[in-house]
Amino acid sequence: METAKPEWLKQMESVLETLNEGILISDDCDHVLFVNSVFEEMTGIARAEILGRDPAELYSPEDHLVLQELRRKTRQLGRSSNEFYLPTRGGGRLPIVASARSIEDPDGRSFDIVSLIDISEQKAAQHDLRTANTLLEKRQKEIEDDLALAARVQQSLAPKCMAWRGIHVETFYQPVRTIGGDFGLVSPLDEDHLNVLVCDVSGHGISSALIANRIYSETIAHLNKCAPLGEMLRQLNRLVLHDIGSSLFFFTLSIARVDRSGRRMAFAGAGHPPAMIVKPGEEPRLLESRSTVLGVLPDAIDPEPALEVQLEAGDRIFLYTDGLTDVFNSQGKMLGVGGVRRFVQETATLPLHEMRNAILERVAEWREGPPADDISLILVEV
């Protein structure tokens, strides 16, 4: 059943046929007066099958109620825009955005003009994106589980507090991310010597942690062979240069080998912040690295890389990484070795455990914001 078209619609039909959207125009009795060819293409329904009918007849009873609510909203507000769907020939459902406008012509008749935009591609893209996000979330969970396990493994390698033949050791390790590039160790070499070491691999995160763990294993192997400190540095340098061979990584370290009497110590450093010998009431003595950073140059090791240090009862040895020194306050001033040296001197009369905590607290108070680098330290009292 066709309904008489108003004159203005007859004049506009040719223009409506040029639009890229589907167009449907109905009267106040919900009878379709016009659909354009794009509407026919979208639905697969010829206009002869829809003209004069209520388009709600094409919908299921449940969706018919939804459509009626959308019509009510349009007529109440004068316009609306909603996501819905168009029934297609064969029982399909084409996702669309329907923008409707109610108008009244000069004769007082009401009409609904609806433009229909096919959003099936957007919906397909949204579905693909949801699927991809689900896979990414699953993969992210796997990565987080792997990182949690890696963090537990790395924490197991962190230097441990201990007492050994009258020598007391306090340690601290904190990666800036889940896992980091610092490591330390406290390891009796034999019945007569204790090794304490801190190492800092450049960068942060997984790659640095992998390099650090490899260097850790090699270091333990050389220490177990009672290798001289200079020879150990040469072997570690060769490891990164030849076996790993990446210009993206370098590392620094400090190692002290203390004999059981607590009166003699061998020390070697490579590109690392200076170690400190601490006597209460005195400015800490700095032990500078004689060798440069490792993993970059084949001749990084000094011809005489180690030095012998005489110790006295009550002396303390302080090894640390640049996560303590390379921090900035709110004025942009770096704490540096001098600042850490001052904190060490100020806390040197405290019990060893309290001294460690006091140094960390002073650094945290100086620093603006959270740590930006891994932090390791070892305090030894003879």
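Here, every reference points to the structure presented above.
Below you will find a few notes about this structure.

Criteria and cut-off values
Every chain begins its residue count from 1, and numbering advances along the sequence as written. Only residues with pLDDT of at least 70 are given local features in this predicted model, and only at 80 or more are side-chain atom pairs given and counted; all residues enter the totals for whole chains, interfaces and linings. For the side-chain quantities, the full set of heavy atoms in the structure was used; hydrogens and water were omitted. Runs of E in the DSSP output that reach at least two residues are strands. Runs of H or I that reach at least four are helices, and both are numbered from the N terminus. A radius of gyration in this sense is built from C-alpha atoms; the matching globule rule multiplies 2.2 Å by the number of residues raised to 0.38. Each residue is placed in one exposure class: buried if its accessible area under a 1.4 Å probe, protein chains only, is under 20% of its type's maximum, exposed if it is over 50%, and partly exposed if it falls in between. Whether two residues are in contact is decided by their heavy atoms: any pair within 4.5 Å suffices. Only the protein chains shown count as covering a residue, and every accessible area follows the Shrake-Rupley method with a 1.4 Å probe. The sign given to each residue is positive for Lys and Arg and negative for Asp and Glu; His and the chain ends receive no count. By convention, the charge on Lys lies at NZ, on Arg at CZ, on Asp at CG and on Glu at CD. The pairing criterion for strands is at least two bridges between them, as found by DSSP. Each axis is a line fitted through C-alpha atoms, and for a helix only the stretch in contact is used; angles between axes span 0 to 180 degrees, taken between their N-to-C directions. For patches, a residue must show more than 30% relative accessible area and have no salt bridge; joins then use 9 Å for like charges and 5 Å for nonpolar side chains, namely Val, Leu, Ile, Met, Phe, Trp and Tyr. Any carboxyl oxygen of Asp or Glu that lies within 4 Å of a side-chain nitrogen of Lys or Arg is treated as forming a salt bridge with it. Put simply, angles under 35 degrees are roughly parallel, angles over 145 are roughly antiparallel, angles from 65 to 115 are roughly perpendicular, and the rest are oblique. Note on convention: near helix rotated counterclockwise from far helix by under a right angle means a left-handed crossing. Clockwise means right-handed. Side-chain classes are defined by residue name, with Ala, Val, Leu, Ile, Met, Phe, Trp, Tyr, Cys and Pro counting as nonpolar, Asp, Glu, Lys and Arg as charged, and the others, Gly among them, as polar. Among buried residues, those of type Ala, Val, Leu, Ile, Met, Phe, Trp, Tyr and Cys that are joined through side-chain atoms within 4.5 Å constitute a nonpolar core.

### Looking at the overall build of the protein
- Assigned secondary structure in the protein consists of eight helices and 16 strands.
- For 382 residues, the compact-globule estimate of 2.2 N^0.38 gives 21 Å, and the protein exceeds it by more than 25% at 38 Å.
- With the principal axes as the frame, the protein shows a C-alpha extent of 110 × 40 × 35 Å.
- Looking at the protein as a whole, 46% of its 382 residues are labelled buried.
- For the protein, contacts bridging at least 24 residues in sequence account for 60% of all contacts bridging at least 6.
- Of the roughly 19,200 Å² of accessible surface on the protein, 53% is carried by carbon and sulfur atoms.
- Across the protein, the centroid of the 40 positively charged side chains sits 5 Å from that of the 58 negatively charged ones.

### Considerations on the sheet that holds strand E10 (residues 251-259)
- With antiparallel pairing, five strands are arranged side by side in an open sheet as E8-E9-E10-E11-E14. In this open sheet, the two strands that pair with only one neighbour each are strand E8 (182-188) and strand E14 (306-310). Taken over all neighbouring pairs, the strand axes of this sheet differ in orientation by 15° on average, direction set aside.
- Sheet topology places strand E9 (residues 193-201) next to E10; nine bridges connect them, and they run antiparallel. Counted as the bridge partner of Leu197 is Ile255 from E10.
- Helix-sheet contacts for helix H5 (residues 205-224) involve E8, E9 and E10, and the interaxial angle to E8 is about 15°.

### Observations regarding the sheet that holds strand E16 (residues 375-381)
- Spatially, six strands are ordered E6-E7-E16-E15-E12-E13 in an open sheet, and the strand pairing comes out antiparallel. Since the sheet does not close on itself, it has two edges, and those belong to strand E6 (162-164) and strand E13 (285-287), each with one partner. Taking the axes of each pair of neighbouring strands and ignoring which way they run, one obtains an average angle of 20° across the sheet.
- With seven bridges joining them, strand E7 (residues 167-174) and E16 adopt antiparallel strand pairing. In the strand pairing of E16, Val169 is matched with Val380.

### Considering a nonpolar patch on the surface
- Judged by side-chain polarity, Phe250, Val296 and Leu297 come together as a nonpolar surface patch covering roughly 250 Å² of accessible area.
- On the secondary structure map, Val296 appears in the loop between E13 and E14.

### Some thoughts on the side chain of Ser291
- Tracing the backbone through its elements, the reader meets Ser291 in the loop between E13 and E14.
- Filtering out sequence-adjacent residues up to four positions away, Ser291 remains in contact with Leu233, Gly269, Ala270, Gly271, Ala300, Ile301, Asp302 and Pro305.

### Concerning the pattern of salt bridges
- The tally for this structure, following the rule as stated, stands at 25 salt bridges.
- Between Arg71 and Asp30 there is a salt bridge, with its nearest N and O atoms 3.3 Å apart. Of this pair, Arg71 sits in helix H3 (residues 61-77) while Asp30 is found in the loop between strand E1 (22-27) and strand E2 (32-35), placing the two residues 41 residues apart along the sequence. Both residues of the pair, Arg71 and Asp30, count as buried.

### Observations regarding the packing of helix H7 (residues 336-347) against helix H8 (residues 352-366)
- One way to put it is that H7 packs onto H8 with a least axis distance of 9 Å and a crossing angle of 140°. Accordingly, the angle class assigned to the pair H7 and H8 is oblique. The element H7 and its partner H8 pack so that their crossing is right-handed. When H7 is examined against H8, the residues Arg342, Phe343, Val344, Glu346 and Thr347 are found in contact with a partner set consisting of Met355, Ala358, Ile359, Arg362, Val363 and Trp366.
- In the contact of H7 with H8, the residues fall into seven nonpolar, one polar and three charged.

### Here we look at the nonpolar core
- Judged by nonpolar contacts, the single largest core of 26 residues is most densely connected at Ile215, Phe251 and Leu253.
- Of all the elements in the fold, those that place two or more residues in this core are E8, E9, H5, helix H6 (229-244), E10 and strand E11 (264-270).
- Counting residues per element, this core draws most heavily on H6, at six residues.
- Those residues in contact with Phe251 that lie beyond four places of it in its chain are Cys199, Asp200, Val201, Ile215, Leu236, Asn237, Val240, Ala270, Val293, Leu294 and Gly295.

By themselves, these observations are geometric and do not establish any function.
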